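Now for the letters of each chain:
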Amino acid sequence: AMPDLGEMLADAAMAAQRMAVIVKDLRLFSRVEAAPTTLVDVRSVLDRTARIARNEILHRARLTKHYEDVPLVPGDEGRLAQVFRNLMINAAQSIPEGAAATNEISIAVRQEPQGYVAITVADSGCGMTAEVREHLFSPFFTTKSIGLGTGLGLSICQRIVMDLGGRIDVESEVGKGTAFRVLLPIATPDVTPAGMR
C-alpha cells in the first residue's frame, strides 16, 4: 500500500522543524561575540523560568526554592533564562511522571565567598553514571531517545556561562539524583557591563 501522503508530509514538516531547532542551536553555539550584558537579578530570572517550565515539572516533582539575598551579576537575561530552563527541564525529565509528591526539584541561590553567585538546580531523579557525567557537556551527546534531544543543550549552557566568566559543575549519583551548580561572577563597581557604558 502507498504510504499516506498526509503522514509523510507531517513527518517531513516535523523533521524540518527539528533541523531548524538544531541550526538555531548551532548558530548560538558558534556565536563568538557575547550578547550585550546588563545587571541581572538571577532570582527574578529563575522565577520567570520556573513559571515557563511549570508544566514540565508539575506531574513529576514539587518545586522548592531557597533564595538568599545575592548581589546582581553581569549577564544577559535571555541567555541566562535559556541556561536555567535547560537545567529545570533536564531535572524534570530525569523523574518519571506520577510521583510528584515524593520527588523534588530544588532551586537554590547563594553567595559564594570567592565573589560568585551560585545557582543550584537539584533533582531527586534517576541520577547519572560517571560515564554519562564525563560526556555531559560534549556537543551532540544526549541520553534522550532519538528525536527528543539535540544533545546541544548542556554544551550551549556551558558556553553561555563561560562567556559570562562563570562555570558550571555537576554532582550526581545513580538512583539518588543530580545537582547542577552554575557559578556567576558578582558585578563589581569598577566593572561596567558592556552595553551600559
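Everything below is about the structure shown above.
Described in the following lines is the structure provided in the data block. Fair warning: this is a prediction, and the values are worked out from it, not measured in the lab. (Residues numbered from 1 in each chain as written. Predicted model: local features only at pLDDT ≥ 70, side-chain atom pairs only at ≥ 80, totals over all residues. Heavy atoms only, no water.)

### Observations concerning the sheet that holds strand 7 (residues 177-185)
- A sheet is described by the order of its strands in space; here five strands give the open sequence 2-4-5-7-6, paired in mixed fashion. Where the open sheet ends on each side, the last strands, each with one partner, are strand 2 (62-67) and strand 6 (167-173). Ignoring which end each strand starts from, the neighbouring axes of this sheet average 15° apart.
- Relative to strand 7, strand 5 (residues 116-123) runs antiparallel, the two sharing eight bridges. Looking at strand 7, one finds that isoleucine 119 is bridged to valine 182.
- Its contacts with the sheet put helix 2 (residues 42-58) on strand 2, strand 4 (104-112), strand 5 and strand 7, and the angle it makes with strand 2 is roughly 175°.
- Across the sheet, helix 3 (residues 77-93) is in contact with strand 4, strand 5, strand 6 and strand 7; its angle to strand 5 comes to roughly 25°. (Pairing = 2+ DSSP bridges. Helix = DSSP H or I, 4+ residues; strand = E, 2+ residues; numbered from the N terminus. Axes fitted to C-alpha atoms, helices over the stretch in contact; angles between N-to-C directions. Contact = heavy atoms within 4.5 Å.)

### Regarding a nonpolar patch on the surface
- Taken together, Leu5, Met8 and Leu9 make up a surface patch of nonpolar side chains, about 330 Å² in accessible area.
- Structurally, leucine 5 can be placed in helix 1 (residues 5-30).
- We classify leucine 5 as exposed; its relative accessible area is 58%. (Patch = residues over 30% accessible without salt bridge, like charges linked within 9 Å, V, L, I, M, F, W, Y side chains within 5 Å. Areas by Shrake-Rupley, 256 points an atom, 1.4 Å probe, with all protein chains shown as cover. Salt bridge = Lys/Arg side-chain N within 4 Å of Asp/Glu carboxyl O. Buried < 20%, exposed > 50% of the residue type's maximum accessible area, 1.4 Å probe, protein only.)

### Some details on the environment of threonine 64
- As for its placement among the helices and strands, threonine 64 is situated in strand 2.
- Non-local contacts of threonine 64, meaning those with residues more than four positions away in its chain, are made with Glu104, Ile105, Ser106 and Ile107.

### Some words on the pattern of salt bridges
- With the rule as written, the count across this model stands at 13 salt bridges.
- Note that arginine 79 and aspartate 163 form a salt bridge whose closest N and O atoms lie 3.7 Å from each other. Here aspartate 163 lies in helix 5 (residues 153-163) and arginine 79 lies in helix 3, a separation of 84 residues in the sequence.
- The exposure class of arginine 79 is buried, given its relative accessible area of 8%.
- Of the charged contacts, one joins glutamate 173 and lysine 176 as a salt bridge, the two residues approaching to 3.4 Å between their closest N and O atoms.
- Given the relative accessible area of 58%, lysine 176 is considered exposed.
- Connected through shared salt-bridge partners, Arg110, Glu112, Arg167, Asp169 and Arg181 make up one network.

### Some remarks on the side chain of serine 172
- Relative to the elements of secondary structure, serine 172 occurs in strand 6.
- Since its relative accessible area comes to 15%, serine 172 is described here as buried.
- Within the local environment of serine 172, its side chain forms a polar contact with the backbone nitrogen of methionine 128, the two atoms lying 2.8 Å apart.
- A polar side-chain atom of serine 172 sits 3.2 Å from the main-chain carbonyl oxygen of glycine 177.
- Ignoring any residue separated from it by four or fewer positions in sequence, one finds serine 172 in contact with Gly127, Met128, Arg133, Gly177 and Thr178. (Polar contact = N/O pair within 3.5 Å; in protein donor to acceptor, adjacent residues only side chain to side chain.)

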